Each structure stands twice: as C-alpha cells, then as structure tokens.
Number of protein chains: 2
Amino acid sequence: MSNRLPTLAIVGATGAVGTVMLDILSKRENVWGEIRLIASPRSAGKVLRVRGEDVVVQALAPEVFDGVDVAMFDVPDEVSKEWAPIAAARGAVAVDNSGAFRLDPDVPLVVPEVNADQVRNRPRGIISNPNCTTLSMIVAIGALHRTYGVKELVVSSYQAASGAGQEGIDVLRDQMAKAGGDRSLGDTQGDMREAVDELGPFPAPLAYNVVPWAGSLKDDGWSSEELKVRNESRKILGLEDLRVSATCVRVPVITTHSLVVHATFDREVTADAARELLGGAEGVEVLDDPAKGEFPTPNDVVGTDPTWVGRIRQSLDDPKSLDLFLCGDNLRKGAALNTAQIAEVVAKEFTQA
Amino acid sequence: MSNRLPTLAIVGATGAVGTVMLDILSKRENVWGEIRLIASPRSAGKVLRVRGEDVVVQALAPEVFDGVDVAMFDVPDEVSKEWAPIAAARGAVAVDNSGAFRLDPDVPLVVPEVNADQVRNRPRGIISNPNCTTLSMIVAIGALHRTYGVKELVVSSYQAASGAGQEGIDVLRDQMAKAGGDRSLGDTQGDMREAVDELGPFPAPLAYNVVPWAGSLKDDGWSSEELKVRNESRKILGLEDLRVSATCVRVPVITTHSLVVHATFDREVTADAARELLGGAEGVEVLDDPAKGEFPTPNDVVGTDPTWVGRIRQSLDDPKSLDLFLCGDNLRKGAALNTAQIAEVVAKEFTQA
C-alpha cells in the first residue's frame, strides 16, 4: 500500500448518528484524505460541514464508492445489507453500524479497546460496530475480564430516546413540552396516554414513564435489544458460553444510555481493585465517590467519549461478583465514535504500510 | 375482646402517604369505628375528609393515643422511633411505615399476602411496614418462592420521585416545567444542572436524567435503600441467607416504582408456569404479551393496588432463573395500602374475638 491518506465515505451522513460523526471527525486527529458524504437521494445536494469545510451530500449509488478506502454505514439494517457488500466489492472496507452483519462469522465485531486485533480478520471486507447498549458497558467489562475472567452478566438498561433515532428525540421532546407545562400530568392513571399526541417509535408514552421494551419481539419473550446485548458481548469478548441476562428499558432521557450490571468473575475482585483497574483502563472514566455525590448520570456524561463507571460495589454474598452503574453517550461511543475508531484502525493499514 | 369496631389513629395524616391513606380508607371495606387524624402541631386544626366525613387534625401528643386500638405511623424515622412506643404503651398496636423498627427482631415486618401470620408475633406492640422498593416486588417474589424456593435476587430499580415524599414530587414537577418548555435542554453536557433551580431531595437533576442514588451512604459504597431491599426481603421471606444484590436508581416518574429482577430458584421454572402461578396469586396482576404491546409501565399502573408483572422470561443460561419487570404504586402497595392491610389484619382481632 502507498503511504497516503485514505479516502473515507460516510453513508447516512444526515442522520442522528451521522451528524455526531461529522462533529467527531472534525475534532479527532485527521487521518483522512477526501471525505465523501452520502445519503438517500432525498438528502442529496445538502451541504454539510466537516473538518471546517463545506461538503455536498451525494446520493447513494455504486459509483460513489469508487476510490473509497473505508466506507462507514449508519443506515437501517436493510440498507446496510444491500450496500455494504457493494462498497466492499468496489474495494472499500465497510464499517457498518447496523445489525445486519454483527453475528456473521465472517464479519468481525470490533471495539478497539477490547479486540482491535479482529479488524484484520474480515474475509467479506466488512467490519461490524456493536449495538449502542452493548457498547455502553463492554469497554469496562472487557477491561475487568482481562484480569478477572468474566463468567456471567446480569444487565438492566436505562436507554435514551435517541437510541431510536431522530424520531425518538423529537417524540420525547414533544411529550416533555406537553408534560412539563401541565402540572396535573404524571400522577393519574393513564393520563399521559391520553395527553400525548404521538408515541413515535415507542410502544407507550415516555415522558413521566419508563417503558420495558426496545427492538422487536424474538423467541420466548425476549426483545431483539436484549439478545443483542447477550450475543454481541459473547462475540466481542470471544466467550461463546458467557452467561448473559439482559432486560432493556427505555427512560425519558434524550441521549446517553445507563446500565446496571451485576458481573460475576472467575476470581475474587474487590471494589477498590476494580476501581483502580478501571481508572487505568483506556476509554474508561471512574466517577465513584457517593459521599461527595459523585457518580455518573446521563446529564453529566452526554457529549463525552468515555464509558463512565460508578457505584462500584463488591457483592455482599459473593466476593467474585461486582455491582456497577455505567453510562455512555449512545450516539458517540455507542455509535459514531466506535465506528470512527474502527475506521482509524483500518486507516493505519494505508499510512503504516 | 369485645365484638366492636376498633379505633384507628393515622399519624402523619397530612403527608404524601397520609393523603393516599385517607383515599384508601374511604374506598376499602370499613372495619374501623372512630378514625383520628394526627400530625405535627403545624398541621393541627386542618380539616381533612375521610370516609365522606370531615375530621379535624389533632397535634401529636401522648393523650391522642388513649382509647386507640391501632395507630398507623407515616412519619420520619426519628418521629416513629419516639412515638410508636408511646402509642404502644397507651395500648395501641402501632403499624409503622418508617425504617425505625424494620430490622428489630422483636418487631415483625409484614406483607399480608406473604407473611400475615407474623402480625400476632409483636412483643413490642409494634408491626413494621416494609420499604416501598421492597414492596414493589415482594408479593410476586413471595408467590414464586412458595412453589420454587428463591435462592438469589439481582434487583435494579427505577424509582419514582414521590418515594422521596411531597418535596420529591414538587422538585420533579418544577424541573419538568423548565425542561419541557426549553427544547434545547437535555442533550448538551451539564445543561440541566445549570437550568434547574432546585435539586430538592435528589443529588442531581432528575428531569431528562436518571440518578443512581437513593437514601444515605452505608458501608462499602452501598446505599441505605439497596440494603433495605436486601435485609427486608430476607426478613419477610424468612430466608436469612438469601443472596440479594440491589442497585437503586431514581427516574423522572412521579409515582410508581419499577424493578427489573433476575431471580434464581431451587427448582426449574418456565415462563409459562410463572405466568400461570402469578396470574392466580393474591395481589398480583400479570400483563405480559409483548406482541400486543402489553407490559406494565408506571403510567398505566399508578393509582392501582396490585403488583404488576410483565416481561417474564426464563433465563437462557439457567432453567432455574427468571427475568422479570415489575411495577407497583409506591404510595399505595408500597406504603399506605400495605399499612392499611396490616392494620385490617389486626382489626380482625377485635371483631372476631
């Protein structure tokens, strides 16, 4: 390979994750030559700013991938399924943030802090980015796993509306405007259901409420989101028998997923040892001093890159278990940032050849 | 004992739980003769309605308990600690909803659907009502325990603002009014912290946020609320070695606590068997058909009496474990209703003598 700056294409540049991606690429060390912005024909012709320059959005078509080295996809599953192989066939490495390829044995599922070495193992020319809920914990769990060996994860999520895209954000804002202005709402049975105009992507009102559902219904009552946490954690950690029980719940937060994790390891682990290990782990910030009111919350974490960990406790009944509270910006590390990090690992193949 | 309607005193009649208590007593089958309303001197003289009648609130004093058969306390721990024994010394059975006596070995901790028989075992003349978070799951867990034998509970809470009393409700409403009217709030780092005027009983803003803290700091990073879930579950179920890990998180909901529970039993239990058992259990309602969008949410459950259970799944790695989502109105079954139910069990001693 020549020592040149590779060409990047961003497919889905105008979406919720794409918008954050342009911001991230404008702020990170620049490893890219040309950056092409690609979206549906409806958005073609729009002008967006990236790295301080105006770039015209192009309509998705096979030719736009000619000369592209890395193509990021932030589009629905069915669009990725069709177009990531087209990009790969035209010579680009596709880094895909949909669910289309995550469990494909010929597609690596990569979190650079955990398994960056998997990037080169891509027989289809496609690399997958994990689901945002898995990404909200896996950097911290991966760091603990390297020393203590993880055996089981019991996960409860507190998922933000933006995990359901721009429509999720808009619907929650509309419901909040209604709920915030009416002091009678929120404490009478069924009142939000009557008051809100639009449920959008959620099966029940989200303002003044929590909704124990995300994704689609799979076998035996599990949601697709819950199975993603299970299957993707196993694949990223390379532990095909890892025990995982997840329950995914949507909360009235715009951006940043939170997770409660009860993690059991092969070896004993104290809270102090976990705090020290996580404090030194790449991509993790520990904020854990309840006496000073210090623990992560979505409102404090939104807009930041790391996985934040607090409320670290050794389980009272098992010295091999920890109870943790984690927060991560689901549009950044949970989506755009991890995709950018994977793409940067690929970019090194061009500049370090 | 004579066959007469016993006299009831309600101490803390003007608080958030007291207000719900008056509503509950007005609607349930009437087992009481006189009902006396008692509060701090500041609230004395107020006129409140109960059972369709106006009743003047009396100031708390030893004499108000003379002739009282049952005295309910919905007041802070330190007030209960001082006054429940005074009521008991004057001949009343004190039913206390504070944390003052819950772990006292000479005070039973009662949930009538689970351990009504403990009501008579009250050497101090005091009976305790569990914490609202424990009460949001224990009727359902108790029903499962009777058949399957519970071994371990991993609990994550989604707790409502009213669990922190009227001040919690007022602060969340104020924050929601601010957040709902400002479409810029909720997605920029730290913005709610700058925007909200008042944190009230919460250590961080609650609108557009979740806060992983409830109660006070205890040893090894645990919160008092988390230890209550552990210790009270053990005492109510009579299982002093039950393994319990709880993480308590406050969410922007006015009333109704939700809990995710990963429960492990001595015996195998399928989701269908659990659904059937819980469907027939006293005080439990099953709402569990995700294909039809059916699962409990706080907004649907608030104002109702039962413990609602949905999202019942057999764990994929262990046929002896279930994953559940539960909702319960923290001011009703979580406080006033369970207190009223305990008092009614005591009342039968007077009428069935």
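Procedures and definitions
Residues numbered from 1 in each chain as written. Chains lettered and ligands numbered in written order. Predicted model: local features only at pLDDT ≥ 70, side-chain atom pairs only at ≥ 80, totals over all residues. Heavy atoms only, no water. UniProt positions renumbered as here; feature names shortened; annotations may be inferred. Domains from an automatic or database assignment. Contact = heavy atoms within 4.5 Å. Buried area = accessible area lost by both parts, 1.4 Å probe. Salt bridge = Lys/Arg side-chain N within 4 Å of Asp/Glu carboxyl O. Least-squares fit on C-alpha atoms with pLDDT ≥ 70 in both. Pairing = 2+ DSSP bridges. Helix = DSSP H or I, 4+ residues; strand = E, 2+ residues; numbered from the N terminus. Axes fitted to C-alpha atoms, helices over the stretch in contact; angles between N-to-C directions. Buried < 20%, exposed > 50% of the residue type's maximum accessible area, 1.4 Å probe, protein only. Polar contact = N/O pair within 3.5 Å; in protein donor to acceptor, adjacent residues only side chain to side chain.

- In the nomenclature of an unreviewed UniProt entry, chain A corresponds to Aspartate-semialdehyde dehydrogenase from the organism Nocardiopsis alba.
- If you open the UniProt record of chain A and go to Catalytic activity (unreviewed entry), you find "L-aspartate 4-semialdehyde + phosphate + NADP(+) = 4-phospho-L-aspartate + NADPH + H(+)".

## Considerations on the domain arrangement of chain A
Residues and elements named next belong to chain A.
Step number 1: As far as domains go, chain A holds domain 1 (8-130 + 335-351) and domain 2 (134-166 + 199-330).
Step number 2: Relative to domain 2, the C-alpha centre of domain 1 lies at a distance of 25 Å.
Step number 3: Across the boundary between the two partners, domain 1 contributes 18 residues, which contact 17 residues of domain 2.
Step number 4: Carbon and sulfur atoms make up 64% of the area that domain 1 and domain 2 hide from each other, which totals about 1,400 Å².
Step number 5: The interface formed by domain 1 and domain 2 contains one salt bridge.

## Focus: the relation of the copies chain A and chain B
The operation linking the two copies of the chain is a rotation about an axis combined with a translation along the axis.
Step number 1: The transform that puts chain A on chain B rotates by 180° and translates by 0.0 Å along the axis, for an RMSD of 0.0 Å. What we have between these two chains is a two-fold relation. Among all residues of chain A, the minimum C-alpha distance to the rotation axis is found for Gly180(A), at 2.2 Å.
Step number 2: Comparing contact sets, 100% of the residues at the interface of chain A also lie at the interface in chain B, consistent with an isologous, same-surface contact.

## A word on the sheet that holds strand β9 (residues 150-158) of chain B
Across a sheet, paired strands are connected by hydrogen bonds in the backbone, their directions being either parallel or antiparallel.
All names here are of chain B.
Step number 1: Read across the sheet, six strands follow the order β10-β9-β11-β14-β13-β12 without closing on themselves; strand pairing throughout is mixed. At either end of the open sheet lies a strand with only one pairing partner, and these are β10 (243-247) and β12 (284-286). On average, each strand axis in the sheet is inclined to that of its neighbour by 25°, with strand direction left out of account.
Step number 2: As defined by bridge partners, strand β13 (residues 307-314) adjoins strand β14 (residues 321-328) across five bridges and the pair is classed as antiparallel. Bridge pairing in β14 links Gln314 to Leu322.

## With respect to the side chain of Arg234(B)
Step number 1: With respect to the helices, strands and loops of the structure, Arg234(B) is situated in helix α7 (residues 224-237).
Step number 2: The class for Arg234(B) is buried, based on a relative accessible area of 16%.
Step number 3: Engagement of the side chain of Arg234(B) in a polar contact is seen with the backbone oxygen of Glu240(B), the distance being 3.3 Å.
Step number 4: Those residues in contact with Arg234(B) that lie beyond four places of it in its chain are Asp317(A), Leu239(B), Glu240(B), Asp241(B) and Leu242(B).

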